[in-house]
Structures are given as structure tokens and as C-alpha cells.
Amino acid sequence: MTTAPSFPSVALDCLDNLWFQVAGTLCNLTCNHCFISCSPKNHTLGFLDFETVKRVLAESRPLGVKEYYFTGGEPFMNNELPAMLEETLRYGPASVLTNATLLPEKIVNRIAKAERESLYSLELRVSLDGFSPETNDPIRGEGTFERAMQGVEFLVGNGFLPIITAMRSWRLEEEEEVIGKFTTMLKSRGYDRPRLKLLPSLKIGQEAMRTAGYTDLDWLTDEMMEGYDKSQLLCTNSRIVTDKGVHVCPILVDQAGSNMGATLAESTKDFPLAYQACMTCYAYGSICSNVSSTVTFE
């Protein structure tokens, strides 16, 4: 008889961060490194509506949530996103993870006004995987570099300091040079104090097909967790709301077993780290947060 593998579990110590998968797995782009394989045709997860977001926001307050994140897919595909952000900024600071290619100036003006009228901050994280069309577009699609930079310019012009987020698709020995080229390019486009966040690859979804994926050795064990600071893992302080229920984290929303329940209250149980992608968070910490690996360049 084969014994089922045993995986370490982590408890939800505090629900500090609440995520909303507002666009499901629908995206206007088809990036060849997307860990949940978002595309214009992926309907695995659907849109959240404004009423659902309002209900969950109200549920979140007594649970002590301190910060809110909006992701997809591409969040700005959901036409109700500006209203959702206006409502969320009554509760706490918010962040949107976007490719910035669907940012007409009127939308940027609206969300900038919402932040100015709020006690809380609104962050925009813009995915850009290269410092030029030649380095970005092979990953994110033809023409995406220029469209994203137009969005960045709208954001900067409205007082935002977007976090430019890039997956490391280059060799480690090239990192200093790549960062320099990102910084130079962003400053040339009017972003005088650019913020850059570098991410490791998550070898699932499209990225698993682009590269070799995880190996048979990429599993967490109880021994590996001895003495480890579990607070570095997003699953100890966060949950994400989708149209299918509340899941453990943004990375695993399309993985079987990641659904923790229908409500936030049901999602507070322990979670087994039974996924190879958990190895990446173990090695790098809460890569989904704004703080980790974010640097501002003068």
C-alpha cells in the first residue's frame, strides 16, 4: 500500500489582507508566463459584481482586514472596478494589479479623484516584463509595451507612483544592467522616481509550458518548516474572493483544493502546503505583497 504524502499546514494568524479576483481568469492579453493562464477565452473564474464586493467589504471590517487588493485576469475589464475602488477606499488602502493597457484617461481621472477624497492610499501595480518592445512584447504580446507605457504615463500624470512589476526572465548576472535599463526608460517617459518590483517565476500555468516547470523535488516538508518564519507566507495573513468562493491565495485560485469556503468566516481554517508553487513563496516570501522586493530609484 502506498502511503499518501504528508504536507505541512499553516494557520491563518490574522486576516490582514483581502484580495478580490474581480476579473476572474479573463484578460485582454495572453502572456506566455501567466501562472493561471489568463486570456480572453479563459472562463475558469468569472467576474465579481459590485454588490458582492460591497457585501464582502462589510464582512471584512469586524475580521480586522487592513488592506485590499484587486486582481484578475485584467481588473479593468470589469466595468464596475472604479465603483468598487471608490467603495473600498472607505474601508482601507487598496491596490490594483493591472497590465495598464485598458486605462483611458477618464478612468484614471476618476480613480485619482477617489484617492484624493479618501483617507487611504490607492496603489497601481503595472505588469511590464521588459524595458523595451523587444524585451517585453515577446512575453506579453505585440504592441503591449507601448500601450502599457501610455497607461503608466496617464497614472504618473495623475499623481500616482505605479509599481512596475517584472518577472525575472533574464539571467541573474544581468540583473543590475536590466534594472538600470528599466530605470532609464521610465525616467525618459516622465516617471522621475520609478518603483520597480521583481518577481520570481511561478512554474505553473503558461509558465510551466514555457519552461521546465517544477521538479519532483519541489515539495515542502515538515522538516523544512522547522524554525521557518511562517509569517512570510501570504496564506498566514490573506485570502482571495472569487466568483466560486474564498480561496487561499492569488497564486492557487485555479488549483483543486484551494477553495476555503463560501464566506470569509469559513476560510479561516488551516491550509496544507500541498502545492509545488508553495516552494516559491517559501523561498522568496510574500511575493504578492506590495512591499517585498519593491525599490524606488532616485
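What comes next is a walk through the structure. Predicted model, so just to flag it, every value in this text is computed and none were measured. (Residues numbered from 1 in each chain as written. Predicted model: local features only at pLDDT ≥ 70, side-chain atom pairs only at ≥ 80, totals over all residues. Heavy atoms only, no water.)

1. Section: the overall build of the chain
In step 1: Check the secondary structure of the chain and you find nine helices and twelve strands.
In step 2: Against the 2.2 N^0.38 benchmark of 19 Å for 298 residues, the chain shows a C-alpha radius of gyration of 19 Å, consistent with a compact globule.
In step 3: For the C-alpha atoms alone, the extent of the chain along its principal axes is close to 60 × 45 × 35 Å.
In step 4: In the chain, which comprises 298 residues, the proportion classed as buried is 54%.
In step 5: Summarising the internal contacts of the chain: among those between residues at least 6 apart in sequence, 75% fall at separations of at least 24.
In step 6: Of the roughly 13,400 Å² of accessible surface on the chain, 53% is carried by carbon and sulfur atoms.
In step 7: The centroid of the 27 positive side-chain charges in the chain is displaced by 4 Å from the centroid of its 38 negative side-chain charges. (Helix = DSSP H or I, 4+ residues; strand = E, 2+ residues; numbered from the N terminus. Rg over C-alpha atoms; globule rule 2.2 N^0.38 Å. Buried < 20%, exposed > 50% of the residue type's maximum accessible area, 1.4 Å probe, protein only. Contact = heavy atoms within 4.5 Å. Areas by Shrake-Rupley, 256 points an atom, 1.4 Å probe, with all protein chains shown as cover. Lys, Arg positive; Asp, Glu negative; His and termini not counted. Charge placed at Lys NZ, Arg CZ, Asp CG, Glu CD.)

2. Here we look at the packing of aromatic side chains
In step 1: Scanning the entire structure with this criterion turns up seven aromatic pairs.
In step 2: Look at Trp19 and Tyr69: their rings are 4.3 Å apart centre to centre, the planes differ by 10°, and that puts the pair in the stacked class. Remark: Tyr69 occurs in strand β3 (residues 67-71) and Trp19 occurs in strand β2 (residues 17-21); sequence separation between them is 50 residues. Neither residue differs from the other here; Trp19 and Tyr69 are each classed as buried.
In step 3: A centroid spacing of 6.0 Å and a plane angle of 85° characterise the contact between Phe131 and Phe182, whose relative ring orientation is edge-to-face. Of this pair, Phe131 sits in the loop between β5 (122-127) and α4 (133-140) while Phe182 sits in helix α6 (residues 175-188), placing them 51 residues apart in sequence.
In step 4: Directly above the ring of Phe50 sits Lys54, whose terminal nitrogen or CZ lies 4.9 Å from the centroid. (Phe/Tyr/Trp six-rings, centres within 6.5 Å; stacked < 30°, edge-to-face > 60°. Lys NZ or Arg CZ within 6 Å of the ring centre and 35° of its normal.)

3. Regarding the pairing of β3
In step 1: The buried fraction of β3 is high, at four of five residues.
In step 2: Inspection of the sheet shows β2 paired to β3 by five bridges, in the parallel sense. Paired with Asn17 across the strands is Glu67, a residue of β3.
In step 3: For the handedness criterion, the β-α-β arrangement of β2, helix α1 (residues 50-60) and β3 is classed as right-handed.
In step 4: Sheet analysis places β3 next to strand β4 (residues 94-98), joined by three bridges and oriented parallel. (Pairing = 2+ DSSP bridges. Right-handed = clockwise from strand over helix to strand, strands pointing away.)

4. Concerning the packing of α1 against helix α2 (residues 81-88)
In step 1: Contact geometry of α1 with α2 gives a least axis separation of 10 Å together with a crossing angle of 15°. The pairing of α1 with α2 is recorded here as roughly parallel in orientation. Pair α1 / α2 crosses with right-handed handedness. On α2, the residues touching Phe50, Val53, Lys54 and Leu57 of α1 are Ala83, Met84, Glu87 and Thr88.
In step 2: Its residues placed into classes, the contact of α1 with α2 shows five nonpolar, one polar and two charged. (Axes fitted to C-alpha atoms, helices over the stretch in contact; angles between N-to-C directions. Parallel < 35°, antiparallel > 145°, perpendicular 65-115°, else oblique. Left-handed = near helix turned anticlockwise from the far one by under 90°. Nonpolar A, V, L, I, M, F, W, Y, C, P; charged D, E, K, R; others polar.)

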